[in-house]
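The residues making up each chain are set out below.
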Amino acid sequence: MIRDTIKAAQISAMKAGEKDRLAAVRLILAKVKDRDIELRTASQQPDDDALVVEVLQKMVKQRRESIALYEQGGRAELAAVEAAELAVIEEFLPAQMTEAETSAAIEAIKAELGASTVKDMGRVMATLKERHGPQLDMSKASGLVKAALA
């Protein structure tokens with residue numbers, strides 16, 4: 001389980017005295033805990049690894065946006081801090097599909113569903129997320145699906 005890996009990374013960062021890494025790992029654990037609390041009243045509990053991956057993907061997206069904004073604002077030191085956190089967060093994500101693999105998966109789903117126009121984008125995206133959700137950046141996949149259906 002990914003959660004156990006993150007907890008083990010916290011302990012090893014404490015023992016090694018890696019303060020920046022420890023801070024990033026604690027931040028991950030705090031976000032996961034927040035999500036757990038959020039879902040206490042939910043009728044259906046998602047799979048634990050799926051929950052953790054969802055939180056990690058959201059954190060990665062936030063870091064990338066922050067890095068872009070800091071670089072636009074000329075704040076390289078803050079962008080470097082965000083990039084360091086991003087590197088730690090990405091360690092715990094499952095291996096991401098390459099653009100070529102994503103395009104191949106989209107073409108397979110497109111053929112399977114008989115999708116041909118942009119009107120079918122919702123069905124293709126839903127199937128893509130269902131099958132490959134943890135391994136994909138859905139915002140990038142969205143652009144690829146739109147291009148494939150255009």
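Right above here is the structure, for reference.
Numbering of residues starts from 1 in each chain and follows the order in which that chain's sequence is written. Only residues with pLDDT of at least 70 get local features here, since the model is predicted, and only at 80 or more are side-chain atom pairs given and counted; chain-wide, interface and lining totals rely on the full set of residues. Excluding hydrogens and water, the side-chain values take into account all heavy atoms of the structure.

(A) Geometry of the overall build of the chain. Secondary structure summary: the chain contains 7 helices and 0 strands in total. Secondary structure elements are defined from DSSP: runs of H or I of at least 4 residues count as helices, runs of E of at least 2 residues count as strands, and each element is numbered from the N terminus. Along the chain direction, N to C, the helices and strands of the chain fall in the order α-α-α-α-α-α-α. Out of the 150 residues in the chain, the part that is buried amounts to 33%. The long-range share in the chain, meaning contacts at least 24 apart out of those at least 6 apart in sequence, stands at 57%. As displayed, the chain offers around 9,200 Å² of accessible surface, 54% of which is attributable to carbon and sulfur atoms. With 22 positive and 24 negative side-chain charges, the chain shows a separation of 4 Å between the mean positions of the two kinds. Whether a residue is buried, partly exposed or exposed follows from its accessible area with a 1.4 Å probe, protein chains only, as a fraction of its type maximum: under 20%, in between, or over 50%, in that order. Here, residues are in contact when the closest pair of their heavy atoms is within 4.5 Å. Here the Shrake-Rupley method, with its probe set to 1.4 Å, supplies the accessible areas, and only the displayed protein chains count as covering residues. We score Asp and Glu as negative and Lys and Arg as positive, and we do not count His or the chain ends. Working definition for charges: the position is that of NZ of Lys, CZ of Arg, CG of Asp or CD of Glu.

(B) Spatial organisation of the pattern of salt bridges. One side-chain nitrogen of Lys or Arg within 4 Å of one carboxyl oxygen of Asp or Glu is enough to make a salt bridge. Applying the stated rule across the entire model yields 13 salt bridges. Note that Glu18 is salt-bridged to Arg21, the shortest N-O span being 3.8 Å. Here the salt bridges do not stand alone but share partners, grouping Arg3, Asp36 and Asp48 into one network.

(C) Molecular detail of the side chain of Thr102. Mapped onto the elements, Thr102 comes out in helix H5 (residues 99–113). As used in this structure description, the phrase polar contact means that two N or O atoms lie within 3.5 Å; if the pair is within protein, one of them must be able to donate a hydrogen and the other to accept it, and residues adjacent in sequence are counted only when both atoms belong to side chains. Within the structure, the side chain of Thr102 is placed 2.8 Å from the backbone oxygen of Thr98, a separation counted as a polar contact. Not counting residues up to four positions away in its chain, the partners in contact with Thr102 are Met97, Leu136, Ala141 and Leu144.

(D) Summary view of the side chain of Glu82. Following the sequence through the fold, Glu82 ends up in helix H4 (residues 76–91). The contact partners of Glu82, leaving out residues within four places of it in the chain, are Arg63, Ser66, Ile67 and Tyr70.

(E) Local environment of the packing of helix H2 (residues 19–38) against H4. Here an axis means a line fitted to C-alpha atoms, over the contact stretch when the element is a helix, while the angle between two N-to-C directions is reported on a 0 to 180 degree scale. As a packed pair, H2 and H4 sit with axes 9 Å apart at the nearest point and diverge in direction by 60°. On the basis of their axis angle, the class for H2 and H4 is oblique. By crossing handedness, the relation of H2 to H4 is classed as right-handed. Across from Arg21, Ala24, Val25, Leu27 and Ile28 in H2, the residues of H4 making contact are Glu85, Val88, Ile89 and Glu91. Any residue outside Ala, Val, Leu, Ile, Met, Phe, Trp, Tyr, Cys, Pro, Asp, Glu, Lys and Arg is labelled polar, Gly included; the first ten of those are nonpolar and the last four are charged. Classifying every residue of the contact of H2 with H4 by side-chain character gives 6 nonpolar, no polar and 3 charged. In these notes the angle categories are as follows: under 35 degrees is roughly parallel, over 145 is roughly antiparallel, 65 to 115 is roughly perpendicular, and the rest is oblique. We call a crossing left-handed when the near helix sits turned anticlockwise from the far one by less than a right angle, and right-handed when that turn is clockwise.

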